[in-house]
There are 2 protein chains.
Amino acid sequence: MLNRVRSAVAHLVSSGGAPPSRPKSPDLPNATSAPPAAPPQAPRSPPARAGSGGAAPARTVEARASFSRPTFLQLSPGGLRRADDHAGRAVQSPPDTGRRLPWSTGYAEVINAGKSRHNEDQACCEVVYVEGRRSVSGAPREPSRGQGLCFYYWGLFDGHAGGGAAEMASRLLHRHIREQLKDLVEILQDPLPPPLCLLSTPGAPGSSDSSQLVGPQSCWSSQKEVTHESLVVGAIENAFQLMDEQMARERRGHQVEGGCCALVVVYLLGKVYVANAGDSRAIIVRNGEIIPMSREFTPETERQRLQLLGFLKPELLGGEFTHLEFPRRVQPKELGQRMLYRDHNMTGWAYKKIELEDLRFPLVCGEGKKARVMATIGVTRGLGDHNLRVCSSTLPIKPFLSCFPEVRVYDLTQYEHCPDDVLVLGTDGLWDVTSDCEVHSSGPSSGPGGPGHTPGPWLASPQQQAGFRG
Amino acid sequence: MLNRVRSAVAHLVSSGGAPPSRPKSPDLPNATSAPPAAPPQAPRSPPARAGSGGAAPARTVEARASFSRPTFLQLSPGGLRRADDHAGRAVQSPPDTGRRLPWSTGYAEVINAGKSRHNEDQACCEVVYVEGRRSVSGAPREPSRGQGLCFYYWGLFDGHAGGGAAEMASRLLHRHIREQLKDLVEILQDPLPPPLCLLSTPGAPGSSDSSQLVGPQSCWSSQKEVTHESLVVGAIENAFQLMDEQMARERRGHQVEGGCCALVVVYLLGKVYVANAGDSRAIIVRNGEIIPMSREFTPETERQRLQLLGFLKPELLGGEFTHLEFPRRVQPKELGQRMLYRDHNMTGWAYKKIELEDLRFPLVCGEGKKARVMATIGVTRGLGDHNLRVCSSTLPIKPFLSCFPEVRVYDLTQYEHCPDDVLVLGTDGLWDVTSDCEVHSSGPSSGPGGPGHTPGPWLASPQQQAGFRG
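Below or above, wherever it landed, is the structure these notes cover. (Residues numbered from 1 in each chain as written. Chains lettered and ligands numbered in written order. Predicted model: local features only at pLDDT ≥ 70, side-chain atom pairs only at ≥ 80, totals over all residues. Heavy atoms only, no water.)

**Structural notes on the interface of chain B and chain A**
No. 1: If you look at the interface, chain B gives 55 residues, while chain A gives 55 residues.
No. 2: When the shortest N-O distance is used, the salt bridge between Asp183(A) and Arg338(B) registers 3.2 Å.
No. 3: Viewed at the interface, chain A and chain B are joined by 22 residue pairs in polar contact (both at pLDDT 80 or more).
No. 4: Looking at the side of chain B that touches chain A, the element that brings in the most residues is helix H5 (residues 228-251) of chain B, giving 7 residues.
No. 5: Here the residues of the side of chain B that touches chain A are counted per class, giving 26 nonpolar, 16 polar and 13 charged.
No. 6: The pairing of strand S11 (residues 338-341) of chain A with strand S4 (residues 197-198) of chain B spans 2 bridges and is classified as antiparallel. In the sheet register, Met339(A) faces S4(B), and the bridge partner there is Cys197(B). (Contact = heavy atoms within 4.5 Å. Salt bridge = Lys/Arg side-chain N within 4 Å of Asp/Glu carboxyl O. Polar contact = N/O pair within 3.5 Å; in protein donor to acceptor, adjacent residues only side chain to side chain. Helix = DSSP H or I, 4+ residues; strand = E, 2+ residues; numbered from the N terminus. Nonpolar A, V, L, I, M, F, W, Y, C, P; charged D, E, K, R; others polar. Pairing = 2+ DSSP bridges.)

This is how it looks when you write it as C-alpha cells:
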C-alpha cells in the first residue's frame, strides 16, 4: 500500500511547478469543499471510551447521507464512491490534468477501513489574497495591485467523532486567517517596526490607515519591540480561536459534529509559518536533513497543563476524576497503601498514601497511542469537540482542550534548497508507521519541489495506519 | 575583579581531590551555616517597585544585627567583617588549609556593593548519608554499611528582600531531600523497576520493607513503568515544596524574611541531578563543549504560565492588574484605540481595542533584567517570599511564584571526561556579565575537577555583577 501512495505522490510532484499568478478576484479563496448536502446530526453518544476506564459502547450509526472530499481531488460521483470504499481502499491523489496545485503540491489519502463510516479527514490548498481593511471613510479601497498581500496556504485536518469539524475547518480557517491579516496589510509591507498603537475612529474599528499609526517613537522609552513575524503568528493564533468559536456557535444548529486536529502552513512574505494544534506533524527535508516544524499535543505531552487546570478548577472534574496521575488505575482495596503518583508540578514520581478521592479516575491516563484525557480523547489541541462528553456522563471535555496552535517559523530566504527538498505534512496515521527518515527517503524525488528550489509541500492524510505499510 | 575571583578559584581547585569517605555519623549533614543570632523581623514594606509602574519607596533599614556566610569559608570575626565590607569588596573563597571541599569544589563570592545591607546569597556543600526509613516493627534498622545511600550536594541560594530564606534553605533543603530519599533507599539499590504500590501497615506509614513491595507483575497490564531516576527527581521536587512550606510556617514567627532562588546539585548513584528554581544557571563544560544544565525562570520565560493563572483566577489580580500583556503601559487617553497585546495562549502579538480594564497594570511587564511580575519581582520560581506584597497594596505575589524546580539529569557514567571538565553554578550576577564560553575559558584549569575525571563543581555567587568585570 505504501508503494501505491508513493507512486501517486511521485506521479503528482513533478518539475517546474511555477507559482500561480495572483488570483483575479480579491474575494478569493473560495470554499475548497462543498458543504455537506444534509448537515448531519451531532452524534449523541460520546466516542468509545478507550483504554481501561470503562466499557466501550457500541458506535452509533451516523446519520450522514453523503460526504465530501477535497475539491482539488476533482472526484466524479464514481470516484467519490471509490474513495469511500472500505474494501478497495483506493489511494486518492489529484488527477494529472495538467492543472497543478500551487508549488507542485502533492497529496495522497486513503480511507480508514472500518474505523469510521467515512473518511473524517480533510485537506485544503489555496492561494489567498488579502485586501487591506476598509479605510476610515468607510469606502472600500481601490483594489489595485500592490496594496494587498497574497499568501499560500495548506491545511490538513484530522477529524474524529464525525467529519463536520474537519470539513468546516477546511472551508473556513484560511478565511479567518485572511480576516486577521486584513489589518496588517500595510504594516507588514512597511519596513518600520509595527506601531504599538493604532488610532481608531469611533465607528470605524479596525482602521489601520498609515496616517493614523502611532509610531514607537511617541511611546515610552521602555517598550517592547514587536516584529512583523510575531504579528503573523498572532493573526494565525487568533484565527484558530475564531474558527473554534464559530464551530461552537454553529454546533447549536447541529451543523458541526466532532472535532479535528489542524495542521496548517502559511507562506507569506518569504516566511513559512507552520501552525499545529493536535497530533499531526510537519517536517522540512533540506539537503537530506530533517527539520521538525511541529510537535505533537497529546495527553502525555500536555499532562502538566491539563493537571494544572484540573487542580485550579476542580469543578471541571465533576467529582469523577482526580487531577493526580497514577501509573495505573487505583483499586479500592489499595486504600491506605502508598502508590506512585505525579502532581501537576512534578516531572518525577513519588509515593503517596491512597485516599478515597484517589480512587477517582485519573484525568490523564495511559501512554503512547492509548493515552487519554478523561478516558475519552487522545489529542489535547484542535478545533471543535464542543459537544464531546465523558462516556456515561454529562461532563464536558472541551475545557481541557486547547484550540491554540504552536506556530513555528521558517525563513525561506535564509537557506539554500535543492530540488529534492520538501515540506511534508501528515496526520498521525502516517507518522505512526513511518519515521521522519523513511518519509524522506520514500518521498517525492522526481523533480523540484517548487519555484526557486523552495521546499514543495506534500500532504498525506492516511486515516488508517495500515494503509501505509509496505 | 574578575581576575581576583579567577585566582581564588584556581587556587582552590587543584588536582587529586578524592571524594571523602562516607561520613561516620548517619545523622549527617549538619547545618552548614549557623542560624542568625537574632532572627530579624520580616521587612514590612515590599521591595521597591521597579520599572515604570509606580514610585519607588525608600528602602526600610533592615533590623538585622548580624549575618552569616557559608561555614566552609571558615571566616573569623574579622573575616566576616571584611566579607561584609561594601567598600573593600573582598572576594571570599575557602581557605587553603589542606581540607578540601568534596570533589575539589571551588567557591567564590563577593558582596554586592550598595544593593543590600548584607550579602543575601548563601551556599552549601555537603555529603549526605541517607538511612533507610525505620522498618514496620518501629525499631530502627542496624546502621550497617550497605543499607544506606550517600549523596553529594551543592546548593546556591540567591536571596532577595532579605537573607533569611536563602540562609534557611542553605541549612535545611538538603535535609528535606534526605527525608524524601529515605523511603527510596532500598528501591534505588534494587535493579528491578520500582514497585508501583507499597503496602502500608496502619501506624507505620512510609514503610518500604522489600517484603511488602507489590511488584509490577501483580498490577494491570496497562501501567507505566517508572524509572529509578524519576523517583529521585520526584524526591527533589517534593523536597523543594516541603522546604517552601516550612518557610511559610516559620515566617509567622518572623523567622524567615525575603525569598531566594535555589540551584542545587545532587550526585547520587552515578547521576548528577541539577534542580533549578529561579534565574541562576548551571553548565557542564565537557571537553570544551558547554552543556546547559538549567534554564532561567523569569517573568519573560514564564509569561504564559503567569497569565494563565491570572486568567483562571482573576481574584489573584485584585482588580489592580490585567493578565494581558502590552508592549508598554496603556494610557487613559488611549482608551478606544487599538494596541498590541498578548493573551496567555499567544506567542505572537495582535491588536485589540483598549477598554477600561486594559488600563490596569499588566501582570507581566518589561523585558530582560527589567521584566517584573506585578511590577515587583524579577524571578518567578524560588523559595520563600510568603510575605511579599505588591507595592502600596496588600495583594500577595506568592501565588504566582512557583517553588518547583526543573530537574535535569546528567548520567556521569555515559561520558568521558578530561581533567579540565567542570560543572559551574552561578547566580544571575555572574551570568549577566559573563557568557557560558567566557566562564569556561576563564574557569579553573589547574587540575582534575574531581575523582575519575568527573566534572568538579565550581560555585560562584557574585551578588554584584560589577564584581566580575575584569
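**Here's the deal with the relation of the copies chain B and chain A**
Relating one copy of the chain to the other requires a rotation about an axis plus a shift along that axis.
No. 1: Overlaying chain B on chain A yields an RMSD of 0.0 Å, the required transformation being a rotation through 180° with an accompanying axial translation of 0.0 Å. In short, the pair behaves as if placed about a two-fold rotation axis. Considering only C-alpha atoms, the part of chain B nearest the rotation axis is Leu312(B), at 3.8 Å.
No. 2: Same-surface contact between copies: 100% of interface residues of chain B are shared with the interface of chain A. (Least-squares fit on C-alpha atoms with pLDDT ≥ 70 in both.)

**Details of the pattern of salt bridges**
Residue and element names in this part refer to chain B.
No. 1: A complete count under the given rule lists 40 salt bridges over all chains for this structure.
No. 2: With a closest N to O distance of 2.6 Å, Arg69 and Glu109 form a salt bridge. Here Arg69, found in the loop between helix H1 (2-12) and helix H2 (77-83), pairs with Glu109, found in strand S1 (residues 106-110); they are 40 residues apart in sequence, far enough to count as distant. Of the two residues, Arg69 and Glu109, both sit in the buried class. (Buried < 20%, exposed > 50% of the residue type's maximum accessible area, 1.4 Å probe, protein only.)

**Points about the environment of Gly159(A)**
No. 1: Relative to the helices and strands, Gly159(A) resides in strand S3 (residues 149-160).
No. 2: A sequence separation of 83 residues divides Gly159(A) from Ser76(A), and the C-alpha atoms of the two residues are 23 Å apart.

**Quick notes on H5(B)**
No. 1: End to end, H5(B) covers 35 Å across 24 residues, agreeing with the expected 34 Å (1.5 Å per residue, within 8%).
No. 2: For H5(B), the tally of buried residues reaches 17 of 24 residues, placing the bulk of the element in the interior. (Expected span 1.5 Å × (residues − 1).)

**Let's talk about the side chain of Asp385(B)**
Residue and element names in this part refer to chain B.
No. 1: Turning to its location among the elements, Asp385 is positioned in the loop between strand S16 (383-384) and strand S17 (406-411).
No. 2: For the buried Asp385, no salt bridge exists, and the shortest N-O distance to an oppositely charged side chain is 5.9 Å, to Lys398.
No. 3: With residues up to four places along the chain from it excluded, the contact list for Asp385 reads His160, Gly258, Gly259, Ile377, Lys398 and Leu401. (Lys, Arg positive; Asp, Glu negative; His and termini not counted.)

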